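Structural features, examined
Spelled out from the first residue to the last, the chains are:
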Amino acid sequence: GAMAFAQHDLPLAASFFADALRQQRAVDDHWGTGSSLVRWGYVARDQGDLAQSAALFAEGLALFADLADRRIIALALDGIAGLAVARQHTAPATRLFGAAAALRKASGLSVDPACRAVLERDRSTAQETLGEQAFLDAQVAGAALTLPAMVAEATAVIGLVSGSAAAPQLPPNQPESLARLTPRQTE
């Protein structure tokens, strides 16, 4: 699936990931299931199915948050950020790009080769939209998040781009007084 995606054969990639997902779920392979979900999220997004992409990323991110696999969490964050760029939510997308880059740097990881071109395209679009300084500021803010805060922010962005935005979870360093606000006030 990853090879087909890298070669821009989206129907074949979707087919491979759907097959893999069925098999991984049959044997209760959480890591494989999460990986297929996240990677299929990229495919669905590039096929124009943003709702399916959001659902795939949400489920995959939830699995990997439990497994604490930083490599796939970073891949999911970049994918969710790309989905946000496609929905013109560029500032939150750029925070996620910064968070993913920080995870990779702290863990000595590189960008997934199958997704490198997509990431570069999405980051360029975000940078052009926000401007250089706002882009850098948003990335720095994202890089400063803790892992749980990264996951919470990515989950909130999924809600935002899918139109079902739940109240975002406050990062641990937020004042308690903000926790008493309604979801609309927090927004």
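Residues numbered from 1 in each chain as written. Predicted model: local features only at pLDDT ≥ 70, side-chain atom pairs only at ≥ 80, totals over all residues. Heavy atoms only, no water.

**Notes on the packing of helix α6 (residues 90–107) against helix α9 (residues 147–162)**
Where α6 meets α9, the axes come as close as 10 Å, and the angle between the chain directions of the two elements is 145°. Crossing of α6 over α9 shows left-handed handedness. On α9, the residues that touch Pro92, Arg95, Leu96, Ala99 and Leu103 of α6 are Leu147, Met150, Glu153, Ala154, Val157 and Leu160. (Axes fitted to C-alpha atoms, helices over the stretch in contact; angles between N-to-C directions. Helix = DSSP H or I, 4+ residues; strand = E, 2+ residues; numbered from the N terminus. Left-handed = near helix turned anticlockwise from the far one by under 90°. Contact = heavy atoms within 4.5 Å.)

**Description of the confidence of the model for the protein**
Looking at the protein, pLDDT values average 84 and 87% of them are 70 or higher. The lowest-confidence element of the protein is helix α10 (residues 176–179), averaging 38 in pLDDT; the highest-confidence one is helix α2 (residues 10–26), averaging 93. This model gives residues 165–187 a pLDDT under 50, and the stretch forms 11 contacts once residues within four places in sequence are excluded. (pLDDT = per-residue confidence, 0-100.)

**Concerning the packing of aromatic side chains**
Within this structure, the stated rule accounts for 3 aromatic pairs. One aromatic cluster in this structure is built from Phe5, Tyr42 and Phe57. (Phe/Tyr/Trp six-rings, centres within 6.5 Å; stacked < 30°, edge-to-face > 60°.)

**Brief notes about unusual backbone geometry**
The phi dihedral of His8 is positive, around 65°, even though this residue is not glycine. On the secondary structure map, His8 appears in the loop between α1 (2–6) and α2. Even without being a glycine, Asp28 presents a positive backbone phi close to 60°. By secondary structure assignment, the location of Asp28 is in the loop between α2 and α3 (30–46).

**Examining the nonpolar core**
Of all hydrophobic cores here, the largest spans 51 residues; its most connected members are Phe5, Trp40, Tyr42, Val43, Leu77 and Ile80. Elements that contribute at least two residues to this core include exactly α1, α2, α3, α4 (50–67), α5 (70–86), α6, α7 (116–130) and α9. It is α5 that contributes the most residues to this core, 11 residues altogether. Those residues in contact with Phe5, other than ones at most four positions away along the chain, are Leu10, Ala13, Tyr42, Val43, Asp46, Ala114, Cys115 and Val118. (Core = buried A, V, L, I, M, F, W, Y, C linked by side-chain atoms within 4.5 Å. Buried < 20%, exposed > 50% of the residue type's maximum accessible area, 1.4 Å probe, protein only.)

**Section: the environment of Leu12**
Inspection of the secondary structure puts Leu12 in helix α2. It is 9.9 Å that separates the C-alpha atoms of Leu12 and Ala2, two residues lying 10 residues apart in sequence.

**Structural notes on the side chain of Gln139**
With respect to the helices and strands, the residue Gln139 is situated in helix α8 (residues 132–143). Accessibility expressed as a relative area gives 13% for Gln139, which makes it buried. A distance of 2.5 Å separates a polar atom in the side chain of Gln139 from a polar atom in the side chain of Arg123. Residues in contact with Gln139, not counting those within four places in the same chain, are Thr94, Phe97, Gly98 and Arg123. (Polar contact = N/O pair within 3.5 Å; in protein donor to acceptor, adjacent residues only side chain to side chain.)

**What to know about the pattern of salt bridges**
All told, the structure shown has 8 salt bridges when counted by the stated rule. For the salt bridge of Arg25 with Glu59, the shortest nitrogen-to-oxygen distance reads 2.3 Å. Of this pair, Arg25 sits in helix α2 while Glu59 sits in helix α4, and the two are 34 residues apart along the sequence. Across the pair Arg45 and Asp46 runs a salt bridge whose closest N-O atoms are separated by 3.1 Å. Note on Arg45: relative accessible area 9%, which makes it buried. Look at the salt bridges and you will find they share partners, linking Arg45, Asp46, Arg121 and Asp122 into a network. (Salt bridge = Lys/Arg side-chain N within 4 Å of Asp/Glu carboxyl O.)

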